[in-house]
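Listed below are the residues making up each chain.
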Amino acid sequence: MDEPILNIEERAAINSGRWFSSLSPSLRHDILRCAYVKRFRDGGLISARGDPPDEWIACARGAVRVSSTSISGKQITLTYVEPGIWFGDVAMFDGDRRTHDAYAHGDSTILCVARADFKKILSQHAELYDALLQLQSRRIRQLFGLVEDLNTLPLRSRLAKQLIHLARSYGVPSLAEGDEIRIGLQLAQEELAQLLGASRQRVNQELKAMEREDAIRIEPGGLVVRDRSKLMRIVDSSH
């Protein structure tokens, strides 16, 4: 499925990424000049735990599901990487093997920079060191926030927070209802439960409660956020 270049939408997703768009034009140019495109069908393995760190990767279309495998052999989803987000840079520095599996979630396109090219770009653009340091700092803050939420917020609040994030990252405005936002990322309730470290049954109960409150609507194809302010109030009520 490899094709040599990004299409217009994929290039726009990369260029509009919050972190990438903050880089200087010359650095962005050099990164894109070295990058190559890979396309995957839904469920395709992008990289496996234990693989050598050969590539720095960005999601350009679809999503990348980052997962781990439990002792019993069950796959546990840790996060989804959305279009415009770069990942895999930590392994570029320390040289350790990949710590998690990465799969295409839906038909997906990724942009890759080979490790040798990554090192070369670093040697030519000192700016990239500071930019990656800022990126890591943001990730650490997010990680501490997740740990804090897990230990201080009830499931209802964490679920509302996750739905707000998914609507912001993957939201598709409804044509019929102006205020409604459909979450474009197709997630089974089991996958949503894994993101929250909860059981599918408990997540299902909370989703149904939010639907009764007209905050969301559960459809066969996914979730629709009907009233974002109601989700915000659920989050705020627990602080």
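Note that the coordinates shown come from a computational prediction; the quantities given were computed from them, not determined experimentally.

What counts and how
Numbering of residues starts from 1 in every chain and runs along the sequence as written. Note on the predicted model: pLDDT of at least 70 is required for a residue's local features to be given, and 80 or more for side-chain atom pairs to be given and counted; whole-chain, interface and lining totals, by contrast, use all residues. By convention in this description, side-chain values take in all heavy atoms of the structure and omit both hydrogens and water. Each salt bridge in this description consists of a side-chain nitrogen of Lys or Arg and a carboxyl oxygen of Asp or Glu lying within 4 Å of one another. Secondary structure counts use DSSP, requiring at least four H or I residues in a row for a helix and at least two E residues in a row for a strand, with both numbered from the N terminus. Burial here depends on accessible area, computed with a 1.4 Å probe over protein chains only, as a share of the maximum for the residue type. Under 20% is buried, over 50% is exposed, and the range in between is partly exposed. Residues belong to one nonpolar core when they are buried, are Ala, Val, Leu, Ile, Met, Phe, Trp, Tyr or Cys, and are joined through side-chain atoms within 4.5 Å. The contact criterion used throughout is that any non-hydrogen atoms of two residues lie within 4.5 Å. Start and end positions for the domains come from either an automated domain assignment or a database one. Accessible-area loss on putting two parts together, using a 1.4 Å probe and summing over both, is the definition of buried area adopted here. Note on residue classes: Ala, Val, Leu, Ile, Met, Phe, Trp, Tyr, Cys and Pro are nonpolar, Asp, Glu, Lys and Arg are charged, and everything else, Gly too, is polar. Between any two strands, pairing holds if DSSP finds at least two bridges. Every angle, taken between N-to-C directions, lies between 0 and 180 degrees, and every axis is a line fitted to C-alpha atoms, over only the stretch in contact when it is a helix.

Examining the pattern of salt bridges
- Inspection of every chain in the model, using the stated rule, returns 13 salt bridges.
- Here aspartate 30 makes a salt bridge to arginine 33, at a shortest N to O gap of 3.5 Å. You can see aspartate 30 and its partner arginine 33 sitting in helix α2 (residues 25-34), 3 residues apart, about one turn around the helix.
- Under the relative-accessibility criterion, aspartate 30 is labelled buried at 13%.
- The residue glutamate 180 makes a salt bridge to arginine 226 at a minimum N-O spacing of 3.4 Å. Linking glutamate 180 in the loop between β9 (171-173) and β10 (181-183) with arginine 226 in the loop between β12 (222-225) and α9 (228-236), this pair joins segments that are 46 residues apart in sequence.
- Residue glutamate 180 is classed as buried on the basis of its relative accessible area of 7%.

Topic: the nonpolar core
- Counting 26 residues, the largest nonpolar core has Leu163, Leu192, Met210 and Leu231 as its most contacted members.
- Of all elements in the fold, only α6 (155-170), α7 (189-196), α8 (200-212), β12 and α9 reach the threshold of two or more residues within this core.
- Of all the elements, α6 adds the most residues to this core, at 8 residues.
- Once residues within four sequence positions are removed from consideration, leucine 192 is found in contact with Leu159, Gln162, Leu163, Leu166, Leu187, Val203, Leu207 and Leu223.

Topic: the environment of arginine 18
- You can see arginine 18 is positioned in the loop between α1 (8-15) and α2.
- Accessibility expressed as a relative area gives 62% for arginine 18, which makes it exposed.
- For the pair arginine 18 and arginine 61, spaced 43 residues apart in sequence, the C-alpha to C-alpha distance is 15 Å.

A closer look at the domain arrangement of the protein chain
- Domain annotation for the protein chain reports domain 1 (8-149) and domain 2 (153-237).
- Contacts between the two partners involve 16 residues from domain 1, matched on the other side by 13 residues from domain 2.
- Where domain 1 abuts domain 2, roughly 1000 Å² becomes buried across the two surfaces, and 48% of that area is made up of carbon and sulfur atoms.
- Contact with domain 2 buries area across many residues of domain 1, yet Tyr80, Glu82 and Asp149 alone supply 53% of it, more than any other trio.
- Our enumeration of links across domain 1 and domain 2 arrives at 1 salt bridge.
- Between aspartate 149 and lysine 161 there is a salt bridge; the shortest N-O distance is 2.9 Å.
- Elements supplying a minimum of two residues to the side of domain 1 that touches domain 2: β5 (75-81) and α5 (127-152).
- Examining the composition of the side of domain 1 that touches domain 2, we find that 7 residues originate from one element, β5, more than from any other.
- Along the lines of polarity and charge, the residues of the side of domain 1 that touches domain 2 split into 6 nonpolar, 5 polar and 5 charged.

Concerning the side chain of glutamine 194
- For glutamine 194, the position within the fold is in helix α7.
- For glutamine 194, a relative accessible area of 15% corresponds to the buried category.
- With sequence-adjacent residues up to four places away left out, glutamine 194 is seen in contact with Lys74, Gln75, Ile76 and Thr77.

Re the sheet that holds β10
- Ordered by their spatial adjacency, 4 strands build an open sheet running β9-β10-β12-β11, and the pairing between neighbours is antiparallel. Pairing within the sheet leaves two strands with one partner each, and these edge strands are β9 and β11 (216-219). The sheet shows a mean angle of 30° between the axes of neighbouring strands, taken without regard to direction.
- As paired elements, β10 and β12 share 2 bridges and run antiparallel to each other. For isoleucine 181, the partnering residue across the bridge sits in β12 and is valine 225.

Examining the sheet that holds β5
- Reading across from one edge, β2-β7-β4-β5 is the order of the 4 strands in this open sheet, with antiparallel pairing throughout. Only two strands of the sheet have a single neighbouring strand rather than two, namely β2 (45-47) and β5. Strand-to-strand twist across the sheet, computed as the mean angle between neighbouring axes with direction ignored, equals 35°.
- Sheet topology note: the strand β4 (residues 64-69)/strand β7 (residues 101-104) ladder contains 4 bridges and is antiparallel. Bridge pairing links arginine 65 to tyrosine 103 in β7.
- Each of β4 and β5 touches α7; the most contacted strand, β5, lies at about 85° to it.

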